[in-house]
Amino acid sequence: MDRIFSGSASQFRAIAEMQGGVAFIIDAASGTLVYASPHVERMCGYTVADIAAHLDGSAVEVALHPLCSDMQERIARYRNGDASRERVVRHVDLRCKDSSTIAIEVISELMEGALVGVVRDISEQRARQAEQKRFTSMLNHEFRTPLSTIDGAIQRLESTSALDPAVDEATRARYRKIQGAVDRLIGMLDEYLSPDRVSGADTRHDAHCEPLELIRSVAAQARALGRTVDIDAASLPTLVRCEPGALKLALQVMIDNAVRYSPAATPIAILGRNTHSGVEIEVADEGPGLDPDEIGRLFDKSFRGRNAAGIAGSGMGLYMARTVVEAHGGTLSAGNRAHCGATFKISLPTRRDLHTS
């Protein structure tokens, strides 16, 4: 206990509280509260004294029971050599003093005769995940309906063409090509844009991609439209942990925007680089740029800026791209270049257990 109540305790509290959490230390032998961050009251309305009363059982209602509901059992198992409950992470709904409810994450660890931990309010995170699920459900429906129509039509064409002597083999080959493209798109909806997959709840496999190859792939599509695309991404790591199809969709949205909103004769630049915390992939054009007062709204659902007047679109692309990037733990930001044009940047954290170039 001496080490906890000395410098290391102060450091632990400072780190936890700088990250917006409520740090706590509970004496394992007595179950009494040694320390709790004073700003716990801002989180849930309870004072430090309230928490102490809840933990020692003197409170009439024990609303804070989730903080250490099985502490004594954990201590007993730990002393008997079972380390499986040494560190526990819980996600629970906590009833606040005003009877409202917040979603919290409680991380606690047995250490030197004490239970130390941090409580974080994850209500915004949970709301964001719910919004992502709603969005991907809508996106699945909006994409799947026309794809199903195309799928049914092309299947009828293929089946009838075999009996129609006027349809040559080249036409039937085109039918098969369309059918294959529809199958791939439907497969991508199932694999990468299901609500569970995009929100991170589905962990069927731990996927990764080669970011440089992904960039080259989306650049090739822009070049097929006659655009010049310059790539400077040699410093990217060989592998990045991600869902390749989902990340490709986000990059495709960025490239499509550059194609739409910049003159056909101007080049598009794709920059990829390592950072101290991960990787960045940036798409920059030489168009009119972004209105500064609209940058904060660009990723809102259905928002279209003033420079989109007369250009086809639904305002869903950037919203979808941001949803995908945030599901990977990253960020998608926008800005203007120094001379002219807009820039969109994906920042992704990387896993250090992957080989880098």
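Remember, predicted model here, so these are calculated numbers, not experimental data.

A word on the pattern of salt bridges. All told, the structure shown has ten salt bridges when counted by the stated rule. Notably, a salt bridge pairs Glu-213 with Arg-216, separated by 2.6 Å at the nearest N-O pair. Of this pair, Glu-213 and Arg-216 both sit in helix α8 (residues 211–224), three residues apart, roughly one helical turn. Relative accessible area serves as the criterion here: at 43%, Arg-216 is assigned to the partly exposed category. Across the pair Glu-280 and Arg-273 runs a salt bridge whose closest N-O atoms are separated by 3.0 Å. Beyond isolated ion pairs, a larger network of salt bridges with shared partners links Arg-273, Glu-280, Glu-282 and Lys-345.

Moving on, we come to the packing of aromatic side chains. Applying the stated criterion across every chain, the model contains one aromatic pair. Aromatic pair Phe-299 and Phe-344: ring centres 6.4 Å apart, planes at 90°, arrangement edge-to-face. In this pair, Phe-299 is assigned in the loop between β10 (278–284) and α10 (317–327) and Phe-344 in strand β12 (residues 342–349), connecting sequence segments 45 residues apart. Per residue, the accessibility class of Phe-299 equals that of Phe-344, and both read buried.

The final tally for this structure, using the stated rule, is zero disulfides. Sulfur of Cys-96: no disulfide; nearest cysteine sulfur belongs to Cys-44 and is 5.6 Å away. Here Cys-96 falls in the buried class, since its relative accessible area comes to 3%.

Read from one edge to the other, the open sheet built from five strands follows the order β7-β9-β10-β12-β11, with strand pairing classed as mixed. The sheet terminates laterally at β7 (229–232) and β11 (331–336), the two strands that pair on one side only. Looking at each pair of strands side by side, their axes are set apart by 15° on average, direction ignored. Pairing of β7 with strand β9 (residues 268–274), which is carried by four bridges, proceeds in the parallel orientation. If you follow Asp-230 over to β9, its bridge partner there is Ala-269.

Procedures and definitions
Residues numbered from 1 in each chain as written. Predicted model: local features only at pLDDT ≥ 70, side-chain atom pairs only at ≥ 80, totals over all residues. Heavy atoms only, no water. Salt bridge = Lys/Arg side-chain N within 4 Å of Asp/Glu carboxyl O. Helix = DSSP H or I, 4+ residues; strand = E, 2+ residues; numbered from the N terminus. Buried < 20%, exposed > 50% of the residue type's maximum accessible area, 1.4 Å probe, protein only. Phe/Tyr/Trp six-rings, centres within 6.5 Å; stacked < 30°, edge-to-face > 60°. Disulfide = S-S within 2.5 Å. Pairing = 2+ DSSP bridges. Axes fitted to C-alpha atoms, helices over the stretch in contact; angles between N-to-C directions.

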